[in-house]
Amino acid sequence: MNTTPQPDPKDRPARLTVGVVGAGRVGPALAASLQLAGHRPVAVSGVSEASRRRAAALLPDVPLMTPAEVLRHAELVLLTVPDDALPGLVTGLAETGAVRPGQLLVHTSGRYGARVLDPALRAGALPLALHPAMTFTGTPVDVQRLAGCSFGVTAPEELRLAAEALVIEMGGEPEWIAEDRRPLYHAALALGSNHLITLVAQSMELLRTAGVTAPDRMLGPLLGASLDNALRSGDAALTGPVARGDAGTVAAHITELRQHAPQAVAGYVAMARATADRALDHGLLRAELAEDLLGVLADGATGADENPGSDGTHGPEGPEGTDGGAR
C-alpha cells in the first residue's frame with residue numbers, strides 16, 4: 001500500500017483541470033480522487049440517466065458537456081468508455097480537431113496500452129493508459145477503494161514518471177505493463193475477478209437449493225480464508241476433493257449438478273480439470289488417483305451416463321469392473 005504522505009489539498013492550488021468522457025462507474029470516481037489530490041474537475045460527459053446520476057453524486061456542480069466540449073475545457077481528460085468503444089472515440093476526437101497539443105489524454109481500459117491513443121498523439125496529445133485493478137460500484141465507496149489499489153500503467157517512456165505520479169496522487173500503486181502484454185494482463189484480471197463473481201453467485205444459488213438460508217454468511221468466512229491462503233501460498237493452498245483425488249465425490253457432484261443446475265456442469269468440470277492439472281504439477285494429487293478423477297471429468301464433460309450408485313459413484317458393474325470405484 002502507498003504510504004507516502006499526501007499534502008493537504010487545501011494547502012496547494014489546483015494544478016490541472018480535469019474532464020471525464022464517459023461517466024460510467026470508473027470515470028467519476030477517478031476524477032473525484034484527483035480532486036482530493038488538488039486537481040479541479042471542470043466537465044463531464046454522460047449519455048444515460050444512470051451516468052448523469054453518478055456524475056452528480058461524485059462530481060457535484062461539475063457541468064455536463066459533450067465529449068468535444070470536455071476536451072476544450074480540460075487539461076487532463078479521462079476517457080472512461082467501454083473497451084470496444086475506445087478506438088472509435090479516440091479517432092473521432094482527433095479527426096474533429098477536439099484534441100489539443102499538450103493535453104494529457106488518459107484511458108482506463110485494461111485491454112489497451114498507449115498505442116490506442118496514437119491518433120491523439122499525432123494531434124499533439126500526451127497519451128497515458130492507467131487501468132485501476134479494482135471493481136467499481138458507481139458510488140462514493142469507489143474513491144476510498146482506490147487507496148492502495150494497483151494500476152496497470154503503460155505510456156511512452158518519457159511520460160512514465162508523469163503517469164506514475166498521477167496514480168500515486170490517487171492513492172494507488174503504479175505497476176508498469178509493457179504495451180504488448182496488456183491483453184494478457186487484462187485476461188489475468190478478468191479470470192481472477194470477473195469469474196470469481198460468477199463462481200460465488202453460482203455457489204450461493206446451489207446452497208439455497210440445498211436449503212441453506214444464509215449462503216452469504218456461510219460462504220463469507222470460507223471464501224475469505226481461501227482467498228487469503230491462495231494469495232499467500234498459491235497452489236500449495238489447493239484443497240478439496242479434486243486436489244485429494246476423490247473421484248467418487250466428484251462424480252457425485254456432477255450427478256447432483258446435472259439434476260439441479262445443469263448450467264453449472266460445464267464450469268464445474270472445466271475448473272476441476274484446471275485444479276487437477278495444477279495439483280498434479282505441484283505434487284498434491286497422486287498420479288494413480290488422477291487417472292480415475294480425469295475419467296470422471298471426461299464423462300462429466302460429455303454427459304455420459306455414469307450409472308451412479310446410491311452414493312453417486314459407479315455401481316459394482318462399473319466400467320472397470322471395480323468394486324464401486326469411479327473411473
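The following refers to the structure shown. (Residues numbered from 1 in each chain as written. Predicted model: local features only at pLDDT ≥ 70, side-chain atom pairs only at ≥ 80, totals over all residues. Heavy atoms only, no water.)

Among the residues of helix H4 (residues 86-95), Leu86, Leu89, Val90, Leu93 and Ala94 are the ones counted as buried. When H4 is viewed along its axis, its buried side chains cluster within an angular range of 125° and face the same direction. Along H4, the residues that are exposed and aim more than 90 degrees away from the buried face are Gly88 and Glu95. Buried residues in H4 make contact with strand E1 (17-21), helix H3 (67-73), strand E3 (76-79), strand E4 (104-107) and helix H5 (118-122). Just downstream of H4 lies Gly97, where phi reads positive at about 80°. (Buried < 20%, exposed > 50% of the residue type's maximum accessible area, 1.4 Å probe, protein only. Helix = DSSP H or I, 4+ residues; strand = E, 2+ residues; numbered from the N terminus. Arc of directions from axis to C-beta. Contact = heavy atoms within 4.5 Å.)

The subject of this paragraph is the pairing of strand E5 (residues 126-132). Burial analysis of E5 places six of its seven residues in the buried class, which makes it a mostly covered element. Sheet topology places E5 next to strand E6 (residues 150-154); four bridges connect them, and they run antiparallel. Pairing of Pro132 across the sheet is with Phe151, part of E6. (Pairing = 2+ DSSP bridges.)

With mixed pairing, the seven strands of this open sheet are ordered in space as E2-E1-E3-E4-E5-E6-E7. Edge positions in the open sheet fall to strand E2 (40-45) and strand E7 (173-176), since each of these has one partner strand only. Pairwise comparison of adjacent strand axes, ignoring direction, gives a mean angle of 25° for this sheet. Looking at chain direction, E4 and E5 are connected through four bridges and run parallel. What sits directly across from Leu105, in E5, is Pro127. Against the sheet, H4 contacts E1, E3 and E4, and its axis sits at roughly 145° relative to E3. (Axes fitted to C-alpha atoms, helices over the stretch in contact; angles between N-to-C directions.)

What follows is about the packing of helix H11 (residues 247-260) against helix H13 (residues 287-302). Packing of H11 against H13 brings their axes to within 9 Å, and their N-to-C directions diverge by 10°. Taken together, H11 and H13 sit at an angle that is classed as roughly parallel. Seen from above, H11 lies across H13 with right-handed handedness. Across from Ala247, Val250, Ala251, Ile254 and Arg258 in H11, the residues of H13 making contact are Asp292, Leu293, Val296, Leu297, Asp299 and Gly300. When the residues that make up the contact of H11 with H13 are grouped by side-chain class, the tally is seven nonpolar, one polar and three charged. (Parallel < 35°, antiparallel > 145°, perpendicular 65-115°, else oblique. Left-handed = near helix turned anticlockwise from the far one by under 90°. Nonpolar A, V, L, I, M, F, W, Y, C, P; charged D, E, K, R; others polar.)

The next thing to look at is helix H1 (residues 27-36). The buried count for H1 comes to eight of 10 residues, which makes it a mostly enclosed element. For H1, the complete set of buried residues consists of Gly27, Pro28, Ala29, Leu30, Ala31, Ala32, Ser33 and Leu34. Looking one or two residues beyond H1, the residue adopting positive phi is Gly38, at roughly 110°.

We now examine the nonpolar core. Counting residues in each nonpolar core, the largest one holds 31 residues, and the members touching the most others are Leu34, Leu59, Leu76, Leu78, Leu128, Leu130 and Phe151. Put simply, the parts of the chain that give this core at least two residues each are E1, H1, helix H2 (49-58), E3, E4, E5, E6 and helix H7 (160-169). Considering every element that reaches this core, the biggest residue donor is H1, with five residues. Here Leu59 is in contact with Val20, Pro28, Ala31, Ala32, Gln35, Pro41 and Arg54, once residues within four sequence places are set aside. One finds Met65, Val77, Leu93 and Ala120 within the second-largest nonpolar core, a separate group that totals 21 residues. (Core = buried A, V, L, I, M, F, W, Y, C linked by side-chain atoms within 4.5 Å.)

Our next topic: the pattern of salt bridges. Where charged atoms from two side chains of opposite charge approach closely, those side chains can pair. This model, assessed by the stated rule, comprises seven salt bridges. For Arg286, the salt bridge identified is with Glu288, shortest N-O distance 2.7 Å. (Salt bridge = Lys/Arg side-chain N within 4 Å of Asp/Glu carboxyl O.)

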